[in-house]
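# Architecture and fold: a report
In case you want the letters, here they are:
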Amino acid sequence: MNSGKTQFEKFLNAYWQNNDPETAMLLWKRQLYSNPQTAGTYLNCLDQIIADPPEELPKIMMTEGWIGLFHEDTDIDYTFEEYLEWLRKMKAEFQKAYDDFTSTPTFLLRELMQYFFLVKSEPETLKLWRELSENDPDKARSYLNALDELIKNPSPDLANIVQTFGRIHLMHHDGTPYTVEEQVNWLKSWKAKLEAVAT
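Now for a quick tour of the structure. (Residues numbered from 1 in each chain as written. Predicted model: local features only at pLDDT ≥ 70, side-chain atom pairs only at ≥ 80, totals over all residues. Heavy atoms only, no water.)

### A word on the nonpolar core
- Phe8, Phe11, Trp16, Trp28, Leu109 and Trp129 are the most contacted members of the largest nonpolar core, which totals 57 residues.
- With eight residues, helix α5 (residues 80-102) is the largest single contributor of residues to this core. (Core = buried A, V, L, I, M, F, W, Y, C linked by side-chain atoms within 4.5 Å. Buried < 20%, exposed > 50% of the residue type's maximum accessible area, 1.4 Å probe, protein only. Helix = DSSP H or I, 4+ residues; strand = E, 2+ residues; numbered from the N terminus.)

Below, the structure written as structure tokens:
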């Protein structure tokens, strides 16, 4: 149904049609949890629109997002520049939610599992980690800091994140799941291996 629409129109359809700002933000946060890559694509799209806005920007926002902006005291419609400024502020709020989410330890653990553990042997994981440590040491450190935080304050979703994004089942041979302490010890063990590679 949306195949002929631009990325900007799809964004407006998904978050703003028939929604107030609070509901739009709630839907955005759900998107962050389920598919942050798509959220990042939408943010890049908004940057492009703001940098080079189409002449029909107000019409697109009204038609695709049902965003009709006007001054409540006078009922005068927003000008083109005022629509653009509203879009800038909205994008900044969505960007902040994205930045906050993608800097959490649980999100970084998701990334770590996806990129370094999913369908990979231990040597493959360590090889990729060595490359990251050499090419982007700050990113590697952010992952290690996230592991530190999860070791100190284990997330209730830890085992689920590891299983969902790394396809690693934290359980014993008899099928009983790891205790929280055992999950933390698993993290500690892997953190030590990663740090050993990076030094």
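### Brief notes about the packing of helix α6 (residues 105-117) against helix α9 (residues 158-166)
- The interhelical angle for the contact between α6 and α9, taken along N-to-C directions, is 35°, at an axis separation of 8 Å. At the point where α6 passes α9, the crossing takes the right-handed sense. Facing Thr106, Leu109, Arg110, Met113, Gln114 and Phe117 of α6, the residues of α9 in contact are Leu158, Ile161, Val162, Phe165 and Gly166.
- Residues belonging to the contact of α6 with α9 are distributed by class as follows: seven nonpolar, three polar and one charged. (Axes fitted to C-alpha atoms, helices over the stretch in contact; angles between N-to-C directions. Left-handed = near helix turned anticlockwise from the far one by under 90°. Contact = heavy atoms within 4.5 Å. Nonpolar A, V, L, I, M, F, W, Y, C, P; charged D, E, K, R; others polar.)

### Structural notes on the packing of helix α4 (residues 57-65) against α5
- Contact pair α4 / α5: the axes reach a minimum separation of 9 Å and the direction vectors enclose 55°. Considering the angle they form, α4 stands oblique to α5. Across the interface between the two elements, Leu57, Pro58, Met61 and Met62 of α4 pack against Phe80, Tyr83, Leu84, Trp86 and Leu87 of α5. (Parallel < 35°, antiparallel > 145°, perpendicular 65-115°, else oblique.)

### Focus on the pattern of salt bridges
- Counted by the stated rule, this structure contains nine salt bridges.
- Linking Arg88 and Glu85 is a salt bridge whose minimum nitrogen-to-oxygen distance equals 3.1 Å. You can see Arg88 and its partner Glu85 sitting in helix α5, three residues apart, about one turn around the helix.
- The partner of Lys127 in a salt bridge is Glu131, with the nearest N and O atoms 2.8 Å apart. Residue Lys127 and its partner Glu131 are located together in helix α7 (residues 122-135), separated by four residues, close to a single helical turn.
- Taken together, the salt bridges that share partners define one network made up of Asp148, Lys191 and Glu195. (Salt bridge = Lys/Arg side-chain N within 4 Å of Asp/Glu carboxyl O.)

### Examining the environment of Asp148
- Residue position: Asp148 is located in helix α8 (residues 137-152).
- Once the C-alpha coordinates of Asp148 and Leu187 are considered, the two residues, 39 residues apart in sequence, prove to be 8.8 Å apart.
- Separated by 3.3 Å, the side chains of Asp148 and Lys191 make a polar contact. (Polar contact = N/O pair within 3.5 Å; in protein donor to acceptor, adjacent residues only side chain to side chain.)

### Some words on the packing of aromatic side chains
- Scanning all chains against the criterion turns up 18 aromatic pairs.
- Ring geometry for Phe116 versus Trp129: centroids 5.6 Å apart, planes at 70°, classification edge-to-face. Residue Phe116 is located in helix α6, and its partner Trp129 is located in helix α7; the two are separated by 13 residues in the primary sequence. The residues Phe116 and Trp129 share a single accessibility class, namely buried.
- Put simply, the rings of Phe11, Tyr15, Trp16, Trp28, Tyr42, Trp86 and Phe94 pair up and form one aromatic cluster.
- The ring of Tyr33 has Arg110 lying over it, and the distance from NZ or CZ to the ring centre is 5.2 Å.
- Here the guanidinium or amino end of Lys193 rests over the ring plane of Trp190, the centre of that ring lying 4.6 Å away. (Phe/Tyr/Trp six-rings, centres within 6.5 Å; stacked < 30°, edge-to-face > 60°. Lys NZ or Arg CZ within 6 Å of the ring centre and 35° of its normal.)

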